[in-house]
Amino acid sequence: MPTVSLKRDLLFRALGRTYTDEEFDELCFEFGLELDEITSEKEIISKEQGNEKAQGASDVVLYKIDVPANRYDLLCLEGLVRGLQVFKERIKAPMYKRVMPNGEIQKLIITEETAKIRPYAVAAVLRNIKFTKDRYDSFIELQEKLHQNICRKRALVAIGTHDLDTLSGPFTYTAKKPSDIKFKPLNKTKEYTACELMNIYKTDNHLKHYLHIIENKPLYPVIYDSNGVVLSMPPVINGNHSKITVNTRNIFIECTGTDFTKAKIVLDIIVTTFSEYCENQFTVEAAEVVFPNGKLHTFPELAYRKEMVRADLINKKVGIRETPENLAKLLTRMCLKSEVIGDGNQIEIEIPPTRADIIHACDIIEDAAIAYGYNNIQMTLPKTYTIANQFPLNKLTELLRHDMAAAGFTEALTFALCSQEDIADKLGLHISATKAVLISNPKTAEFQVARTTLLPGLLKTIAANRKMPLPLKLFEISDIVIQDSSRDVGARNYRHLCAVYYNKNPGFEIIHGLLDRIMQLLDVPPGEKKGGYVIKASEGPAFFPGRCAEIFARGQSIGKLGVLHPDVITKFELTMPCSCVEINIEPFL
């Protein structure tokens, strides 16, 4: 959940009254938010960097408020105050309007070069806006919150805001070679090429996190005005020429990205939130965007739409008994203007452009529940006669865990994700032979695939605990994941049990004895008759030749046991012999 930091006095001034900390905490809870912390800038710096660094910092009281991740309209003071005021029925939700300019409309022309980098762009103008220092800070902060949240750290959408009075339209959004782009970036005094900027920003604590989005591309996206002035090089940095200040009166806003829908949502959120400070409140000047195919679109869309929900459905899902009129009033308090129509049981809800989180009827029902108050819903016993039970597989797992521990083995819990090297190369396999589920965009080399065996995790645990007294006896009972085209998700989980014995001697007899004990607990007799179990000589790239056996139970192969190959032991940075057993326990349910 995003956290919004607001100055308490500024917040109370905007709300038109003061609250005690307890009263405001209760108000946040009623509105579906959480007052996470009451602090100050000085206190934050003192905690993070020490008292010396905190000297001279502000003592202004800050409220840190946790906001639901999909409520983009509440990520700044203006949106939060507006939502609370409508919730307390002190004001009505404003109607946002898109207006055409008196003169020529601003145009943003997208060229075909952007297609393989960031193909989409939207734009709008906030005309005759009046900033103060606090309003300006909030405007910048909202952009940063959106970048971290819906924009996915600028990977999906990047926002650019510019002083329109310093520019001349129409604007061109294109892509060029890094060496061909040269401009004075934000807060810099000299011009740099795009290549130079990428090197400079590699040490910038803020901007270095966004460089990877375009740095390996042959072309970089860039926006020019009609005079060749660079507005921005999205998603990295804006130009200094069009930098906005507290004195800026007309703002040109552009959002570029790889997700057209999210770009439109981001633009709608910014302009609706700050159109309050325009000379004509809650109006936004339109801008035209010309796409490479010649199609012309006007933004922002500021689209209102209607949804229909039956009152009895809301009552049933929430567990209350309210009249349709009362339910409509509750929804209106959540900025969802509603009225009863038709047979008296239908409620028509108008979804404003600020509420992109309202997708299904269940989202409307959730807002009705918030407005009604979760603490006001009467507790009732469910009208069912079922008795809850543990899943058989989980119950079997718990029983085996206790008995494995009783046998002298220590339980380990390892990561479900691992590297391709762990499950393939180190075990003497090719990755294609493992049927592993690959992560499409792994963040690190350590988490590239879902594990297909529990063995690597246990061996890495032993490697990290080599200084512990010998022998090391570890086990784990967890899920592994295998590709399965017959499943709707293309993969399937299996519950495996794996145990490892690490000592100066291999200890194969200990692992074999553990297997016999497990089978005894599962009431599986030795031998092939009467659904028993047997072990048969086998080979495997992870095992020492002639020291590997396949385990068969109830007519099917359930796993292997044996002494690990010296190469495997070495690759996991171990120095002593090691025996292991790994079986699938699902056939014993």
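Parameters at a glance
- Residues numbered from 1 in each chain as written.
- Predicted model: local features only at pLDDT ≥ 70, side-chain atom pairs only at ≥ 80, totals over all residues.
- Heavy atoms only, no water.
- Helix = DSSP H or I, 4+ residues; strand = E, 2+ residues; numbered from the N terminus.
- Expected span 1.5 Å × (residues − 1).
- Buried < 20%, exposed > 50% of the residue type's maximum accessible area, 1.4 Å probe, protein only.
- Arc of directions from axis to C-beta.
- Contact = heavy atoms within 4.5 Å.
- Phe/Tyr/Trp six-rings, centres within 6.5 Å; stacked < 30°, edge-to-face > 60°.
- UniProt positions renumbered as here; feature names shortened; annotations may be inferred.

Peer 1: How do you make sense of unusual backbone geometry when you look at a structure like this?
Peer 2: What you tend to see is this: most non-glycine residues have negative phi, and most peptide bonds are trans. A cis amide bond, omega 0 degrees, links Gly169 with the succeeding residue Pro170. Here the bond from Pro234 into Pro235 is cis, since omega is 5 degrees, no more than 30 degrees from zero. The topology assignment puts Pro235 in the loop between strand S12 (230-233) and strand S13 (237-238). Of note, the phi angle at Glu89 is positive, near 60 degrees, even though the residue is not glycine. Structurally, the position occupied by Glu89 is in the loop between helix H5 (77-87) and strand S4 (97-99).

Peer 1: In this structure, what is going on with helix H15 (residues 508-521)? I would like to understand it.
Peer 2: Count 3.6 residues to each turn of an α-helix, and residues three or four apart come out pointing the same way. Compared with the 20 Å implied by 1.5 Å per residue over 14 residues, the 20 Å span of H15 between its first and last C-alpha is a close match. Residues of H15 that are buried include every one of Ile511, Leu514, Leu515, Ile518 and Met519, and no others. End-on, the buried residues of H15 take up no more than an arc of 135 degrees, which puts them together on one face. Opposite the buried face of H15, at more than 90 degrees from it, the exposed residues are Glu509 and Gln520. Residues of H15 that are buried make contact with helix H12 (392-406), strand S25 (491-502), strand S26 (533-537), strand S27 (543-553), strand S28 (556-564) and strand S29 (578-584).

Peer 1: Would you explain the packing of aromatic side chains in this entry?
Peer 2: Each aromatic ring pair is described using two quantities: the centre-to-centre distance and the angle formed by the ring planes. One pass over the full model with this rule turns up 16 aromatic pairs. Seen in terms of ring centroids, Tyr120 and Phe260 are 5.2 Å apart; in terms of plane orientation they differ by 25 degrees. Their pairing is stacked. One end of the pair, Tyr120, is in strand S6 (residues 120-126); the other, Phe260, is in helix H8 (residues 260-274), and 140 residues separate them in sequence. Among the residues examined, Tyr120 registers a relative accessible area of 30% and is labelled partly exposed. On the basis of an interplanar angle of 85 degrees and a centroid distance of 5.0 Å, the ring pair of Phe139 and Phe274 is categorised as edge-to-face.

Peer 1: Is there a simple way to think about the UniProt feature "domain: B5" (unreviewed entry) in the protein chain in this case?
Peer 2: Mapped onto the present numbering, the UniProt feature "domain: B5" (unreviewed entry) falls at residues 302-379. Along residues 302-379, the helical share is 37% and the strand share 22%, with 40 Å between the first and last C-alpha atoms.

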